[in-house]
Each structure stands twice: as structure tokens, then as C-alpha cells.
Amino acid sequence: MSRIALITGATSGIGKATAFAFANAGINLILCGRRQERLTELADVLGKQVKTTTLLFDVRDSAEVAKAIASLPTDFQSIDILVNNAGNAHGMSPIQDGDLRDWDAMMDGNVKGLLYVSKAVIAGMIERGKGHIVNISSVAGKQTYANGAVYCASKKAVEAISEGMRLDLTQHGIKITNIAPGAVETEFSLVRFKGDESRAAKVYEGFEPLRAEDIADTILYAVMAPAHVTIADITIYAAAQAAPTTVYRK
Ligand code: NDP
Ligand code: 8X3
């Protein structure tokens, strides 16, 4: 029987590419995000390949998350795969200049949001004695860089949550995969720099960044591993990137 995957942040970038990769592999989809129009467009396309439904919620709102997931039609309730991908960086500045709204957006979305969605899905996985959770961390969760303390902290938290989930959930037949990408050209930098297109474009200038599809391929690889194999932790850099802020540009 085809598996069912819930992907957060499916409206853009890595989440969207993962939705395409999963559909090509015959995995049914629950596509989540805050932009209904994009969700509808995506569901129209991918619904031709696999069974697809959408959920509109902000991961920062625990009640909204619980309500949305509880509202799934019966044939989408047995979630086999959860891809905790929704998240963003907001702002980039020395800690002393940080904006409290940016800090809230990152800690509430990247950390607490991931927890809220996981909580709503894990109970069913435990009941069924199987499941797979893929958490999208970042190289920022492996190594802190200047002007990024809070985003890095949010991704270090994701790393810790992945480890903790693996310790607590392995006995219930649930696999945990933590994926830490380097620079991927998506809407990420546009969001970080609040719509400043030229500043966002500079992040990817002079080298070939990762594409969302590269990360989607890795996520697919992890979820297609045989039953006895857990892909626990993967770090992916662009070939020209050696560390979060060490990029060899031409
Ligand atoms: P995008 O900005 O392209 O996509 C972010 C996705 O997250 C969107 O679909 C957005 O959907 C969703 N999202 C953001 N905030 C919320 C929220 N509060 N509630 C619900 N959905 C939300 O960026 P990426 O695809 O690059 O980012 C995906 C993940 O990958 C993030 O966790 C990011 O930190 C991580 N990452 C990205 C890297 C990069 O270089 N691009 C590198 C390492 C990790 P919508 O706006 O519709 O809600
Ligand atoms: C996104 C990659 O290096 O900008 O998580 O933090 S980085």
C-alpha cells in the first residue's frame, strides 16, 4: 500500500521539491503551508500522480496545528512520513541589534512549530508501531556564524530534538532522519532579507548553490531506505562550500 507523507512548508523551496520527488515515488501527500493559492496549485498538479490533500496552518499556532491535523480525511490519517521542513531565517544582524519579532518568528516557527506538528503526528505513529520523521536542520545547526546566533540556535535545537526523538521513538518503530543542508537557492534568503532581492541574490553569487531538488533527492533516499536501515544524519554542502560562511566564489 502506498505510504502517506505530511510535508510542512510545501509551498516553496525544499518542501515543494520534496512533494514532487515523493509524488514521483508514488507517495501520497498532505501538503501544508500558509499560502492557500500555492497549495491548491500544487495539489492540482500532483493530484494527477498520487492522492493529495492540503492543510493550511501556521506552525507557530499550536491550536491551529492540532485542529488542522485532526481534520484530515480518514484516508489521510495514517501518516507514515512526516517531513518537518517549514522554517526560515528572519534577519541577519549582531545579537545586540536583533529584532525581537525576528527572534520570535525563528524560535516559534523553526523550533516550537516543529514540535507542535510532531506532537500531533507522533501519537498515531506510536499506535501503528511505525513511522519516519525527517527533520530539516541546517549547517547552521552544526556551526554558529556571526550575525546568525538566533537562527543557528533554532537549528541547534532541531539537531537536539532529532537526537531526542531518536532516543525516545526508536523503540516504537519510528525512524528519525536529520538533514542539514548548506546554501540552497530558494526563497530562504528573500525571507531572511525581508524581500530585498538584490541582497538575497548576492548570497548565491559566484558559485553553484544547492538546488531544492538536491535536498529532496536526499530526503527521498532516506525514506526509501530498507526497513532495517535508518539514515540518521546527513550534511549536504554545495561543492564550493566548506563551512556555513566559507564559500569559494569565482
Ligand atoms: P523557503 O522560504 O523557500 O520555504 C520555506 C517554507 O516554510 C515555505 O513553504 C513556507 O510556507 C514555510 N513556512 C515558513 N514559516 C512557516 C510558518 N510559520 N508556518 C507554516 N509554514 C511556514 O525556504 P527553504 O525551502 O530553503 O527552507 C525550508 C527549510 O530548510 C527551512 O527549515 C530552512 O531553515 C531549511 N534550510 C534552508 C537552507 C537554505 O539555504 N535555503 C539551508 C538549510 C536549511 P508558507 O510561507 O506558505 O507558510
Ligand atoms: C540555511 C543555510 O548557512 O544560511 O540554513 O544558515 S545558512
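From a predicted model like this one, the values you see are computed outputs, not experimental measurements.

About the cut-offs
Residues numbered from 1 in each chain as written. Chains lettered and ligands numbered in written order. Predicted model: local features only at pLDDT ≥ 70, side-chain atom pairs only at ≥ 80, totals over all residues. Heavy atoms only, no water. Pairing = 2+ DSSP bridges. Helix = DSSP H or I, 4+ residues; strand = E, 2+ residues; numbered from the N terminus. Axes fitted to C-alpha atoms, helices over the stretch in contact; angles between N-to-C directions. Parallel < 35°, antiparallel > 145°, perpendicular 65-115°, else oblique. Left-handed = near helix turned anticlockwise from the far one by under 90°. Contact = heavy atoms within 4.5 Å. Nonpolar A, V, L, I, M, F, W, Y, C, P; charged D, E, K, R; others polar. Core = buried A, V, L, I, M, F, W, Y, C linked by side-chain atoms within 4.5 Å. Buried < 20%, exposed > 50% of the residue type's maximum accessible area, 1.4 Å probe, protein only. Salt bridge = Lys/Arg side-chain N within 4 Å of Asp/Glu carboxyl O.

So, about the sheet that holds strand S7 (residues 233-236). Strand order across the open sheet formed by seven strands is S3-S2-S1-S4-S5-S6-S7, with parallel pairing between neighbours. The open sheet has two edge strands, strand S3 (52-56) and S7, and neither has a second partner. Sheet twist, expressed as the mean angle between neighbouring strand axes with direction ignored, is 15°. Pairing between strand S5 (residues 131-136) and strand S6 (residues 174-181): six bridges, direction parallel. In the sheet register, His132 faces S6, and the bridge partner there is Lys175.

Interaxial distance between helix H1 (residues 13-24) and helix H2 (residues 36-46) falls to 11 Å at its minimum, and their mutual angle equals 15°. Comparing the axis directions of H1 and H2 gives the class roughly parallel. For the element pair H1 and H2, the recorded crossing hand is right-handed. Side by side, H1 and H2 meet where Lys16, Ala19, Phe20 and Ala23 of the first sit next to Leu42, Val45 and Leu46 of the second. The residue makeup of the contact of H1 with H2, split by class, is six nonpolar, no polar and one charged.

Attention now moves to the nonpolar core. Side chains that are nonpolar tend, in soluble globular proteins, to be buried together. With 40 residues, the main nonpolar core has Phe22, Leu29, Leu31, Val83, Ile215 and Ile219 as its most contacted residues. Here this core takes seven residues from helix H8 (residues 212-224), the largest share from any one element. Residues within four places of Leu31 in sequence aside, it is in contact with Ile7, Ala10, Ala19, Leu39, Leu42, Ala43, Thr52, Thr53, Thr54 and Leu55. Among the nonpolar cores identified, the runner-up in size contains 27 residues, and Ile69, Val121, Met125 and Ile174 belong to it.

Let's shift gears to the pattern of salt bridges. A complete count under the given rule lists eleven salt bridges for this structure. In this structure, Lys142 and Glu159 form a salt bridge, with 2.8 Å as the shortest nitrogen-oxygen distance. Placement of Lys142 in the loop between S5 and helix H5 (149-169) and of Glu159 in helix H5 is noted, with a sequence separation of 17 residues between them. On the basis of relative accessible area, Lys142 is assigned to the partly exposed category, the value being 35%. A salt bridge links Asp233 to Lys142, with the nearest nitrogen and oxygen atoms 3.0 Å apart. Within this pair, whereas Asp233 is found in strand S7, its partner Lys142 is found in the loop between S5 and H5, the two being separated by 91 residues in sequence.

Turning our attention to the environment of Gly109. Tracing the backbone shows Gly109 in helix H4 (residues 100-128). Overall, Gly109 belongs to the buried group, its relative accessible area being 8%. Ignoring anything within four residues of it in the chain, the contact list for Gly109 reads Val59, Arg60, Asp104 and Leu114.

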